[in-house]
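One-letter residues, chain by chain:
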Amino acid sequence: MFDLFSSELRRKAFHLTGSLIPIVYYFLDRETAVIALSIINAVLLLIEWLRLKGKIELPKVLLRPHENKQVAAYIYFQMAALISILIFDKTIAIAALLMLAIGDTASGLAGSIIRGGDVRNHNTKKIVIKPLPIMAAMFVVCVVTGLVLLSLPLAKDMAYLSLPVYVAGAAGATFGDAIPLRIHGRPVDDNLVIPLLSGVFMSVARVI
């Protein structure tokens, strides 16, 4: 179990660097952030295409076994960041992306301890919902993320969000992480689902 936790820790440490996107976005306007992320996405898509063609290799610690022949999670993370910034209010986008980066890290580490690794079966159509303790870890970390954001000063182009809105976002992120989404039988990567569902929940909670 220690080996699995150590491997997951290294992978999630890389995943956690994704929190730099919402942190940097805090200091930028939407247009600049969209342009920068569009360029980054284009470069990463090229790298991923070369990897899948077997022309380059990435460190194996960054990839799960099912990603050796499939698009890797970091591509979905970057796509989710760009989409979130495009469609959500700045505060909501920042919160949703932090909940992805930090909450999903907590979920992955909890899963490596509780279930000895990735709890989902990526090779079948069977839907596996994550255990309640993993969901609880995800939810608590996301709520704490909201509390931290609540205590920080807002940039001039950011809107105030109340604690219940952040809690709604934490619930959306938790559902996105725990319940795998499939479209036409094909799984949708949770790095794409988590921030979008979190952002939708916050957007709805904000107007209720």
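Scroll up for the structure.
Note that the coordinates shown come from a computational prediction; the quantities given were computed from them, not determined experimentally.

Undergrad: It is not clear to me how the overall build of the chain should be interpreted in this structure. Could you clarify?
TA: Scanning the chain from terminus to terminus reveals eight helices and two strands. Mapped from its N terminus to its C terminus, the chain presents α and β elements in the order α-α-α-α-α-α-α-β-β-α. Per-residue burial over the chain gives 47% buried out of 208 residues. Intrachain contacts of the chain at a sequence separation of at least 6 include 78% that bridge at least 24 residues. For the chain, the exposed area adds up to about 10,900 Å²; of that, 70% sits on carbon and sulfur atoms.

Undergrad: Even after reading the chapter, I still don't get the packing of aromatic side chains, so can you show me in this structure?
TA: As enumerated under the stated definition, the model contains two aromatic pairs in all. Their ring planes at 80° and their centres at 4.9 Å tell us that Tyr26 and Phe27 sit as a pair that is edge-to-face. On the basis of relative accessible area, Tyr26 is assigned to the partly exposed category, the value being 23%. On the basis of relative accessible area, Phe27 is assigned to the exposed category, the value being 65%. The cationic tip of Lys90 hangs over the ring face of Tyr25; the distance from NZ or CZ to the ring centre is 5.0 Å.

Undergrad: What's the story with the packing of helix α3 (residues 30–52) against helix α4 (residues 73–87) in this structure? I'm lost.
TA: The relative placement of two packed helices is expressed as an angle between their axes plus a distance between the axes. Closest axis-to-axis distance for the α3/α4 pair is 10 Å, and the angle between their directions is 160°. Classed by the angle they form, the pair α3 and α4 counts as roughly antiparallel. Like other packed secondary-structure pairs, α3 and α4 cross with a definite hand, here left-handed. Each of Arg30, Ala33, Val34, Leu37, Ser38, Ile40, Asn41, Leu44, Leu45, Ile47 and Glu48 in α3 lies in contact with α4, whose residues at this interface are Tyr74, Ile75, Gln78, Met79, Ala81, Leu82, Ile85 and Leu86. Class assignment for the residues of the contact of α3 with α4 results in 14 nonpolar, three polar and two charged.

Undergrad: Even after reading the chapter, I still don't get helix α8 (residues 190–207), so can you show me in this structure?
TA: Every α-helix carries 3.6 residues per turn, so stepping three or four residues along brings you back to the same face. Look at α8: 26 Å from first C-alpha to last across 18 residues, which is about the 26 Å you get at 1.5 Å a residue. Taken together, the buried positions of α8 are Asp190, Asn191, Leu192, Val193, Ile194, Pro195, Ser198, Gly199 and Met202.

Undergrad: Would you mind going over the side chain of Ser19 with me for this structure?
TA: Structurally, Ser19 is set in the loop between α1 (2–16) and α2 (20–26). Look at Ser19 and you get buried, because its relative accessible area is 12%. A polar contact is formed between the side chain of Ser19 and the backbone oxygen of Leu16, at a distance of 2.7 Å. With residues near it in sequence (within four places) discarded, Ser19 still touches Leu98 and Ala101.

Undergrad: Got a minute to help me understand the packing of α4 against α8 in this structure?
TA: Where α4 meets α8, the axes come as close as 7 Å, and the angle between the chain directions of the two elements is 20°. With respect to α8, the axis of α4 lies roughly parallel. Like other packed secondary-structure pairs, α4 and α8 cross with a definite hand, here right-handed. The segment α4 lies against α8, with Ala73, Tyr76, Phe77, Met79, Ala80, Ile83, Ser84 and Ile87 engaging Asn191, Leu192, Pro195 and Leu196. Here the contact of α4 with α8 is built from residues that sort into ten nonpolar, two polar and no charged.

How each quantity is defined
Residues numbered from 1 in each chain as written. Predicted model: local features only at pLDDT ≥ 70, side-chain atom pairs only at ≥ 80, totals over all residues. Heavy atoms only, no water. Helix = DSSP H or I, 4+ residues; strand = E, 2+ residues; numbered from the N terminus. Buried < 20%, exposed > 50% of the residue type's maximum accessible area, 1.4 Å probe, protein only. Contact = heavy atoms within 4.5 Å. Areas by Shrake-Rupley, 256 points an atom, 1.4 Å probe, with all protein chains shown as cover. Phe/Tyr/Trp six-rings, centres within 6.5 Å; stacked < 30°, edge-to-face > 60°. Lys NZ or Arg CZ within 6 Å of the ring centre and 35° of its normal. Axes fitted to C-alpha atoms, helices over the stretch in contact; angles between N-to-C directions. Parallel < 35°, antiparallel > 145°, perpendicular 65-115°, else oblique. Left-handed = near helix turned anticlockwise from the far one by under 90°. Nonpolar A, V, L, I, M, F, W, Y, C, P; charged D, E, K, R; others polar. Expected span 1.5 Å × (residues − 1). Polar contact = N/O pair within 3.5 Å; in protein donor to acceptor, adjacent residues only side chain to side chain.

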